[in-house]
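An overview of the molecular structure
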Amino acid sequence: MTTTINLPKIMQIGAGAINALPATLENLGCQYPCIITDATMVTLGYTDKITNLLKAQNIDYGLFSETRAEPSEDSILPAVDLVRQGKYDCLLALGGGSAIDTAKAIALLASHGGTMRDYKMPRLVNMRSLPVIAIPTTAGTGSEATQATIITDASTDEKMLCMGPGLMPMAAIVDYELTLSLPMRIAADTGIDALTHAIEAYVSRKANLFSDQQAIAAMKLIGQNLLRTCQDATDLAAREAVMLGATLAGVAFSNASVALVHGMSRPLGVHFHVPHGLSNAMLLPTVTEYSISSSPTRYAQCAMYMGLVDDIADKHQAHKALLSQLRLINTTLKVPTLAEFGVQKDTFYNTLALMAEQALASGSPNNNPRLASKDEIITLYKTAWESE
Ligand SMILES: [Fe+2]
């Protein structure tokens, strides 16, 4: 049994890594990039940072600055036209997970045509597209190191998951200094998303020795620094640790898959527009408690790697420590309850069956150590509501 591992060809990591952008372009043989980003990145001056680096090397570029959070196919089509007509030879994806996911989809459609529905799972996207150089400005989604993109079909609200080596960025520039102006809410939500990636990859039925090493490192880096980085924005060591942890967690889940938390989380985004990291945070303690009995050693090890217990001699103690830490993270980082977020109880309960079906249809719950039936998923949603 062997494992196929996919990674970006180049990863430039650390403070000031962004300055290596021109050299990265040269190494990839790219000369005419198009920047794909959102309006906030322009306002915050991040786009200028990139264009100044390019201008200093006399590199011409294009710019599309209208990417959306939770991108829909409609929102990316103007960029597909721009990229095709401009004959750019690579894309610079600057921003959070949505901007990077958007750039992956633009590269795919600009290179091969069709619609995103043509490429959704279970089809494997293995054809080569325009190279994407991912420059994350959040420490969370790990999209810079994953072979996946999620694009919404606005007509059906379906979040279409597309996966395959053809969606892996060619390069990732992981510079934690680009995250220093993140608002606390976004730092918290994206950080919990990254922690969820690490835990789910570690307990996944598709985990392997390689993904385990990335997941363990990510749990250490994120688990031991997430609260610090959110509580003290000047703690640069913590910020650096969480940024690297988020990328490694991306590598881990890209090669081992996510599981039940993500499967149940996406429908909360579709029906109630809960941001991705927040919906994971709302579900993580409940789903972890449900799943522990099917992988007691691995969940105890999660507690150890997060620095909560010294060893796993007493698994019960380790499980207690893990669950209370996940709840403490939510309380400390002021993760709202579903009700506080504005979800109406009646609507929520009326949507439970549909959400459970959609969670199962995503395939992610099949990777969970404890396999949940539709009825069990409904119960878990209710528990998540009631335990708030
Ligand atoms: Fe995620």
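Everything quoted here is computed from the prediction, not taken from an experiment. Sequence order as written defines the numbering, with residues in each chain counted from 1. Two thresholds apply to this predicted model, a pLDDT of at least 70 for residue-level local features and 80 or more for giving and counting side-chain atom pairs, whereas whole-chain, interface and lining totals are computed over all residues. For side-chain calculations, the full set of non-hydrogen atoms in the structure is used, while hydrogens and water are omitted.

1. Looking at the overall build of the protein chain
What counts as a helix is a DSSP run of H or I of at least four residues, what counts as a strand is a run of E of at least two, and both are numbered from the N terminus. Scanning the protein chain from N- to C-terminus turns up 16 helices and eight strands. To get the radius of gyration, use the C-alpha atoms; to get the globule rule, take the number of residues to the power 0.38 and multiply by 2.2 Å. Taking 388 residues into account, the globule formula puts the C-alpha radius of gyration at 21 Å, and the protein chain, at 20 Å, falls close to it. Judged by the C-alpha coordinates and their principal axes, the protein chain covers about 60 × 45 × 45 Å. Sequence-distant contacts in the protein chain: of pairs separated by 6 or more residues, those separated by 24 or more amount to 77%. Residue-level accessible areas treat just the shown protein chains as cover; the underlying method is Shrake-Rupley with a 1.4 Å probe. Carbon and sulfur atoms form 51% of the exposed surface of the protein chain, whose accessible area is close to 15600 Å². Only four residue types enter the charge count: Lys and Arg as positive, Asp and Glu as negative, with His and the chain ends excluded. The location of each charge is read from NZ of Lys, CZ of Arg, CG of Asp or CD of Glu. If you average the places of the 28 positive and of the 36 negative side-chain charges in the protein chain, the two averages end up 4 Å apart. For this analysis, residues touch if any pair of their heavy atoms sits within 4.5 Å.

2. Some remarks on the nonpolar core
Here the nonpolar core consists of buried residues drawn from Ala, Val, Leu, Ile, Met, Phe, Trp, Tyr and Cys, with membership extended through side-chain atoms lying within 4.5 Å. Per-residue accessibility, obtained with a 1.4 Å probe over protein chains only, is compared with the maximum for each type, and a residue is labelled buried under 20%, exposed over 50%, and partly exposed between these values. Within the largest apolar cluster, 76 residues are counted, with the highest numbers of intra-cluster contacts made by M264, L268, F348 and Y381. If you tally residues by element for this core, the top one is helix α6 (residues 184–203), at 10 residues. When neighbours within four sequence positions are excluded, F348 is seen to be in contact with L268, F272, L338, V343, M355, Y381 and W385. Judged by nonpolar contacts, the second largest core, of 29 residues, contains I76, V125, A134 and C162.

3. Quick notes on the domain arrangement of the protein chain
One frequently used descriptor of interface size is the decrease in accessible area upon assembly of the parts. Each domain's extent is set by a domain assignment, obtained either automatically or from a database. Taken domain by domain, the protein chain consists of domain 1 (10–179) and domain 2 (184–387). Taken over C-alpha atoms, the centre of domain 1 sits 26 Å from the centre of domain 2. Listed per partner, the contact involves 21 residues of domain 1 and 24 residues of domain 2. By definition, a salt bridge exists where a carboxyl oxygen of Asp or Glu is found within 4 Å of a side-chain nitrogen of Lys or Arg. Our count for the contact surface shared by domain 1 and domain 2 stands at zero salt bridges. By the criterion applied in these results, polar contacts are pairs of N or O atoms within 3.5 Å in which, for protein atoms, one can donate a hydrogen and the other can accept it, and in which residues neighboring in sequence qualify only through two side-chain atoms. Our count for the domain 1 to domain 2 interface comes out at three residue pairs in polar contact (both at pLDDT 80 or more). Taken together, the residues of the side of domain 1 that touches domain 2 break down into nine nonpolar, seven polar and five charged. Gly is put with the polar residues, along with every residue not named as nonpolar or charged; the nonpolar set is Ala, Val, Leu, Ile, Met, Phe, Trp, Tyr, Cys and Pro, and the charged set is Asp, Glu, Lys and Arg.

4. Side note on the coordination of the iron ion
A 2.8 Å cut-off from the metal defines N, O and S donors, relaxed to 3.2 Å for Na, K and Ca; water is not in the atom list, so some sites may appear incomplete. The protein atoms donating to the iron ion are D193 (OD), H197 (NE2), H262 (NE2) and H276 (NE2), with metal-donor distances spanning 2.1 to 2.2 Å. Key to geometry: four donors with every angle between 85 and 135 degrees are tetrahedral; four donors are square planar and six octahedral where opposite donors lie over 155 degrees apart and all remaining angles lie between 65 and 115; all other sites are irregular. Classification of the site at the iron ion as irregular follows from its four donor atoms and the range of 86 to 170 degrees in their angles at the metal. Of note, the donors binding the iron ion are all from one chain and are spaced D-x3-H-x64-H-x13-H. Of this pair, H197 sits in helix α6 while H276 sits in helix α11 (residues 276–291), and the two are 79 residues apart along the sequence.

5. Regarding the pairing of strand β5 (residues 132–136)
Across the five residues of β5, five count as buried, placing the element largely inside the fold. Residues V132, A134 and P136 of β5 are buried on one face, and the alternating residues I133 and I135, pointing to the opposite face, are buried as well. For strand β4 (residues 90–95) and β5, the ladder comprises five bridges, and the chain directions are parallel. Bridge pairing in β5 places A93 opposite A134. Look down the strands so they point away from you; if the path from the first strand over the helix to the second goes clockwise, the crossover is right-handed. In this fold, the crossover linking β4 to β5 by way of helix α5 (residues 97–112) has right-handed handedness. Strands qualify as paired when DSSP identifies two bridges or more between them.

6. So, the sheet that holds strand β8 (residues 171–174)
The six strands lie next to each other as β1-β8-β5-β4-β2-β3, forming an open sheet whose pairing is parallel. Whereas interior strands pair on both sides, the edge strands pair on one side only; in this sheet they are β1 (10–13) and β3 (62–64). When the angles between neighbouring strand axes are averaged without regard to direction, this sheet yields 15 degrees. With four bridges connecting them, strand β2 (residues 33–36) and β4 associate as parallel partners. When the sheet's bridge partners are listed, C34 is paired in β4 with L91. Between N-to-C directions, angles span 0 to 180 degrees; the directions come from axes that are lines fitted to C-alpha atoms, helices contributing only their stretch in contact. The strands touched by helix α4 (residues 73–86) within the sheet are β2, β3 and β4, with β3 carrying the most contacts at an inclination of about 170 degrees.

7. Observations concerning the UniProt feature "domain: Fe-containing alcohol dehydrogenase-like C-terminal" (unreviewed entry) in the protein chain
Taking the numbering used here, the UniProt-annotated feature "domain: Fe-containing alcohol dehydrogenase-like C-terminal" (unreviewed entry) corresponds to residues 188–385. Across residues 188–385, the secondary structure splits into 74% helix and 0% strand, with the terminal C-alpha atoms separated by 20 Å. UniProt positions are given in the numbering used here, feature names are shortened, and annotations may be inferred rather than shown by experiment.

8. What to know about the packing of α6 against α11
Contact geometry for α6 and α11: axes closest at 8 Å, N-to-C directions at 60 degrees. Between α6 and α11, the crossing angle belongs to the class labelled oblique. Crossing of α6 over α11 shows left-handed handedness. Taking contact as the criterion, the partners of R185, D189, I192, D193, T196 and H197 in α6 are, on α11, H276, G277, L278, N280, A281 and L284. Residue composition of the contact of α6 with α11, by class: four nonpolar, five polar and three charged. Throughout this description, any angle smaller than 35 degrees is read as roughly parallel, any larger than 145 degrees as roughly antiparallel, any in the 65 to 115 degree range as roughly perpendicular, and the remainder as oblique. The handedness criterion is simple: a crossing whose near helix is rotated anticlockwise from the far helix by less than a right angle is left-handed, and one whose near helix is rotated clockwise is right-handed.

9. A closer look at the pattern of salt bridges
Applying the stated criterion to the full structure yields 10 salt bridges. Residue R298 is joined to D212 by a salt bridge in which the shortest nitrogen-to-oxygen separation is 2.9 Å. Of this pair, R298 sits in helix α12 (residues 296–305) while D212 sits in helix α7 (residues 209–223), and the two are 86 residues apart along the sequence. Residue classification places R298 among the partly exposed positions, given a relative accessible area of 25%. Linked by salt bridges that have partners in common, R117, K120, D153 and E158 make up one network.

10. Concerning the state of the cysteines
The disulfide definition used here is simple: a pair of cysteine sulfur atoms within 2.5 Å. Summed over all chains, the structure comprises zero disulfides. Free cysteine: C30, not disulfide-bonded; nearest cysteine sulfur from C90 at 4.0 Å. A relative accessible area of 8% places C30 in the buried class. Among the cysteines around C302, which has no disulfide bond, C230 carries the closest sulfur, lying 20 Å off.

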